[in-house]
Amino acid sequence: MRALGLILTTIALGLSACATSEDRGPQGMFAPGDPARAVTASIETLVTTDPEVDADDPALWADPRDPTRAVMFGTDKSDGLYVHNLDGSVRQFLPSGPVNNVDLRADFPTARGLRVLVAASNDAPGANGVNLYLFDPATLTTADYGFLPTTYEPYGFCMGRRDDGFYLVVTTKAGTVHQMSIADGPQGPVIGPERVLTLGSQLEGCVVHDAADMLYVGEEDVGVWRFDFDPSGPTEALEVAGVDRIRIKDDVEGLTILQDRGVDYLIISSQGDSTYPVYRIQGQRHFYVGRFAIVDGPTIDGVTQTDGLSAFSGPIGPFPEGAIAFHDHEDVPNPGQQNFKIVDWRVIREALGL
C-alpha cells in the first residue's frame, strides 16, 4: 500500500502542477535522469496546534558531551520558528513572523557564557531582516537575541565560522550574497561590515564549509557555485554543479554538508524532481557519487519538493553516525500540512554504496 501511496502522490503532484505554470513532471524514484536510490525516514515532526504549517528549512543540533540531548529548529514561513525534540514533538515555538531559512553555530561567546547562535531570514513586508536567537545548551531553551534589519529582501540564509569569528550570510532573489560578521556586545549583537558577492539570478540555499573556508550557494535555475569565504578573499564564483536534468533539476534549493569517516559530502535538494544529488568534496574538486529519493516507509510517508535540508555529522539523538533533516512539501495523509523528516545517514550511505 505504501508503494501505491507513492504512485498516487506522484500522480497528484503531476495533476497539481498542470494547474500552475510549472510542470514538475515525475518525482523522486520516477524522475528521469540518473536513477535515484530509495531511502526512508525514521522520524517526522508533528505540530498539533496549527493545521497548516508552512515549513521550509531545518537546522540540527546535538550536545557534543551527550548527543542524546538534541533538538531541531524548523521554520514556518507564515508564523515563526519551531524547536522540535528529536522524536518530532514541539519543544518550543517563537512567533517571529515569516522566517524562511535557519542555521546555527555553537560556542558563540556571550556575557552569559557560551551559547548556540541561531538565526533565520525574515521577509516580512516592510520589515526585512534576520531574526537572531540564543539557544542555551544547558537548559535547551531558545530566546530572542535581536533583529538585524536589511535594506534588501532576504531569501536564503546560512552561517559560518572562521577561527573565532562568526558570520551571517544572506542570499536574495536579485542574485546577491551578503556576508557579515556578528559578535556579542554590551548592548547585544554587533554586526560588522558587509561583503557583497554577485551571481546572475535568483538564489536561496547556501552552506558554509567551515573547515575548508568555503561558501556554497545555490542559483535556483542554474546550479551550485562556491566562493572563498575569507571576507578579504577573491570574489570569483566557481562552478560546482550545473542544472542538467540528469543529476540536478531546477530548482536548486537547500544545500548541506556532512562529514563521515574522513570524507566530506555536499548534499543538494533538487526540488524540481524531489531527489538529492550527493557530491564528494575532495580539495577544490567535487565528484558526483549518486542521488537518492525519500519514499514511503512503514509508518512515515515519503518526501517531495524539499526546500531546506540540514545534515549533522556524528552522533545525534538516536542516530549514532549522523542524520539529515528534510522539509516535506506535503505530509501524507494531512492535506495542507508541511513538516520535516529525518533520515539516518547510515541508510543513505548504504543506498549509495559509500
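Caption draft 1: Summary view of the overall build of the protein chain. Each helix and strand counted, the protein chain has 2 helices and 25 strands in total. Here the C-alpha radius of gyration of the protein chain, 19 Å, is about what a compact globule of 354 residues would show, namely 20 Å. Projected onto the principal axes, the alpha-carbon positions of the protein chain cover approximately 60 × 45 × 45 Å. Counting over 354 residues, the protein chain shows a buried share of 56%. Restricting the contact set of the protein chain to residue pairs at least 6 apart, pairs at least 24 apart contribute 51%. With an accessible surface of roughly 14,300 Å², the protein chain has 53% of that area assigned to carbon and sulfur atoms.

Caption draft 2: Region of interest: the pairing of strand S5 (residues 80–85). Of all 6 residues making up S5, 5 are buried, and the element is well covered by its neighbours. Relative to S5, strand S4 (residues 66–76) runs antiparallel, the two sharing 6 bridges. If you follow Phe73 over to S5, its bridge partner there is Val83. Pairing between S5 and strand S6 (residues 90–94): 4 bridges, direction antiparallel. Of the residues in S6, the one forming a bridge with His84 is Val90. Between the antiparallel neighbours S5 and S6 lie 4 residues, among them Gly88 with a positive phi of about 95°.

Caption draft 3: Quick look at the sheet that holds strand S10 (residues 141–149). One open sheet accounts for 4 strands, arranged S7-S8-S9-S10; its pairing is antiparallel. Only two strands of the sheet have a single neighbouring strand rather than two, namely strand S7 (99–110) and S10. Across the sheet, the mean angle separating the axes of adjacent strands is 25° when strand polarity is ignored. Bridge count between strand S9 (residues 129–136) and S10: 8 bridges; the pairing is antiparallel. Looking at S10, one finds that Leu134 is bridged to Ala143.

Caption draft 4: Molecular detail of the nonpolar core. Ile267, Tyr276, Phe292, Ile294, Ile324, Phe326 and Ile348 are the most contacted members of the largest nonpolar core, which totals 19 residues. Of all the secondary structure elements, the ones that give two or more residues to this core are strand S20 (263–270), strand S21 (276–282), strand S22 (285–294), strand S23 (309–312), strand S24 (323–328) and helix H2 (345–352). Ranked by residues supplied to this core, first place goes to H2 with 3 residues. Beyond its immediate chain neighbours, meaning those up to four positions away, Phe292 contacts Ala36, Arg37, Val39, Ile267, Thr275, Tyr276, Val278, Phe326, Ile348 and Leu352.

Caption draft 5: The arrangement of the state of the cysteines in detail. By the definition in use, this model includes 1 disulfide. Residue Cys158 pairs covalently with Cys206 via a disulfide, S to S 2.3 Å. The S-S bond linking Cys158 to Cys206 shows a torsion near -120°; that makes this disulfide left-handed. Of the two residues, Cys158 is situated in strand S11 (residues 156–162) and Cys206 in strand S15 (residues 203–209); the sequence distance between them amounts to 48 residues. Of the two residues, Cys158 and Cys206, both sit in the buried class.

Caption draft 6: Examining H2 more closely. Buried residues of H2: Trp345, Ile348, Arg349 and Leu352, and no others. All buried residues of H2 project into a common sector of 100° when viewed along the axis, lining one side. Note on H2: the residue one or two positions beyond its end, Gly353, has a positive phi of about 65°.

Caption draft 7: Structural context of unusual backbone geometry. A cis amide bond links Asp250 to the next residue, Asp251, at an omega of 10°. Residue Pro333 follows Val332 across a cis peptide bond; omega there is 5°. Along the chain, the position of Pro333 falls in the loop between S24 and strand S25 (339–344). The phi torsion at Asp213 lies on the positive side, around 55°, for a residue other than glycine. Structurally, Asp213 is set in the loop between S15 and strand S16 (214–219).

Cut-offs applied
- Residues numbered from 1 in each chain as written.
- Predicted model: local features only at pLDDT ≥ 70, side-chain atom pairs only at ≥ 80, totals over all residues.
- Heavy atoms only, no water.
- Helix = DSSP H or I, 4+ residues; strand = E, 2+ residues; numbered from the N terminus.
- Rg over C-alpha atoms; globule rule 2.2 N^0.38 Å.
- Buried < 20%, exposed > 50% of the residue type's maximum accessible area, 1.4 Å probe, protein only.
- Contact = heavy atoms within 4.5 Å.
- Areas by Shrake-Rupley, 256 points an atom, 1.4 Å probe, with all protein chains shown as cover.
- Pairing = 2+ DSSP bridges.
- Axes fitted to C-alpha atoms, helices over the stretch in contact; angles between N-to-C directions.
- Core = buried A, V, L, I, M, F, W, Y, C linked by side-chain atoms within 4.5 Å.
- Disulfide = S-S within 2.5 Å.
- Arc of directions from axis to C-beta.

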